[in-house]
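Each chain is listed here by its residues.
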Amino acid sequence: MALGAEEPSAGRIKFVNYQSEVQMIDIKELVQKDLSEPYSVYTYRYFINNWSKLCFLAYDKNQCVGAIVCKLDARDTRDPVKSSMGMETYDSNAPVITYKGYIAMLVVKEEYRKLKIGSNLVKLAVNAMRESRADEVVLETEVTNKPALKLYENLGFLRDKRLFRYYLNGVDALRLKLWIDTSKRECDHGTATNIPETLNWGLTSAMASLSVDNTQTKSAISEKTSHDNNTTGVIASD
Ligand SMILES: CC(C)(COP(=O)(O)OP(=O)(O)OC[C@H]1O[C@@H](n2cnc3c(N)ncnc32)[C@H](O)[C@@H]1OP(=O)(O)O)[C@@H](O)C(=O)NCCC(=O)NCCS
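Residues numbered from 1 in each chain as written. Predicted model: local features only at pLDDT ≥ 70, side-chain atom pairs only at ≥ 80, totals over all residues. Heavy atoms only, no water.

(A) Seen up close, the side chain of Asp135. Along the chain, Asp135 falls in strand β7 (residues 134–142). Taking the relative accessible area as the measure of exposure, Asp135 reaches 17% and is therefore buried. (Helix = DSSP H or I, 4+ residues; strand = E, 2+ residues; numbered from the N terminus. Buried < 20%, exposed > 50% of the residue type's maximum accessible area, 1.4 Å probe, protein only.)

(B) Just the pattern of salt bridges, in detail. Tallied over the full model, the rule gives 11 salt bridges. Residue Arg113 pairs with Asp34 through a salt bridge whose shortest N-O separation is 3.0 Å. With Arg113 in the loop between β6 (97–108) and α3 (117–131) and Asp34 in helix α1 (residues 22–34), this pair connects stretches of sequence that are 79 residues apart. With a relative accessible area of 36%, Arg113 lands in the partly exposed category. The partner of Asp172 in a salt bridge is Arg162, with the nearest N and O atoms 3.0 Å apart. In this pair, Asp172 is assigned in the loop between β8 (158–163) and β9 (173–179) and Arg162 in strand β8, connecting sequence segments 10 residues apart. With relative accessibility at 53%, the residue Arg162 sits in the exposed group. Through salt bridges with shared partners, one network takes in Lys100, Glu136, Asp160 and Lys177. (Salt bridge = Lys/Arg side-chain N within 4 Å of Asp/Glu carboxyl O.)

(C) The arrangement of the site of the ligand in detail. Surrounding the ligand, one finds 20 residues, the nearest of these being Leu106, Lys114, Lys116, Ser119 and Asn145. At 3.4 Å, a side-chain N or O of Arg113 approaches an oxygen atom of the ligand. When the ligand sits alone it has 920 Å² of accessible area, and the protein chains cover 78% of it. Put simply, the parts of the chain that give the shell around the ligand at least two residues each are β6, α3, β7 and α4 (146–154). Of the residues forming the shell around the ligand, the biggest block, 5 residues, is contributed by α4. By residue class, the composition of the shell around the ligand is 9 nonpolar, 5 polar and 6 charged. (Near = heavy atom within 4 Å. Polar contact = N/O pair within 3.5 Å; in protein donor to acceptor, adjacent residues only side chain to side chain. Areas by Shrake-Rupley, 256 points an atom, 1.4 Å probe, with all protein chains shown as cover. Nonpolar A, V, L, I, M, F, W, Y, C, P; charged D, E, K, R; others polar.)

Structure follows, in structure tokens:
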């Protein structure tokens with residue numbers, strides 16, 4: 001740490017929803033440094049542009065120190081049933097569509113780890129998925145990634161499957177899954193009253209930081225934009 005630089009502290013961290021393409025550069029820089037899989041700019045764009053509401057960033061002042069990138073897929077959950085005439089039909093009482101959340105990337109800058117930033121990013125993303133009617137959330141992580149396994153298992157994710165040599169580096173993956181109690185899905189950012197006990201992760205305070213920080217983040221974005229324009233004139237390229 002440079003002389004006079006402040007120690008990273010959890011109290012200074014603000015969480016924001018993804019707002020601008022400029023933040024994609026921050027996310028890309030963080031992810032490239034720490035995740036073993038190489039992603040193209042199209043991968044970032046695919047996730048972030050389609051599900052920007054499920055993308056959150058953590059800031060210490062103007063510096064992006066963590067990010068989570070996710071998606072949500074719809075699934076037809078109706079089981080076809082055979083009628084007495086042998087024709088396939090659907091149980092009309094079954095929900096037609098449910099949603100499955102997927103955490104694609106999670107990263108916290110090295111000097112800022114073990115401050116619960118990763119856990120808070122996951123909580124924000126899962127709560128946003130729940131509001132979008134997700135009934136489960138899945139992700140894969142390297143079987144050797146102790147910090148990630150600890151973080152997710154602390155939050156209630158369970159080991160679902162081992163995927164042999166899943167990553168390009170030959171390491172196996174573990175698929176982790178969190179089941180969401182859909183009967184208690186309704187929740188309001190302003191109160192924590194309807195949040196199921198197992199998922200009540202202090203949403204209110206995290207979301208309070210979220211709104212407080214938007215102006216600060218906007219200034220960080222405009223500062224970064226003018227810096228990028230002055231140096232390369234390019235916002236995102238691969
Ligand atoms: C995984 C990662 C996001 C965790 O972020 P973080 O902000 O440090 O996590 P948290 O502070 O919320 O910690 C959550 C739990 O994990 C534990 N943990 C964090 N780092 C750890 C480590 N190096 N070794 C053991 N446990 C660790 C914490 O102690 C905490 O558990 P506790 O509350 O029981 O003490 C971060 O280490 C990282 O960015 N790693 C590189 C990228 C990566 O692996 N991403 C995950 C891909 S799925």
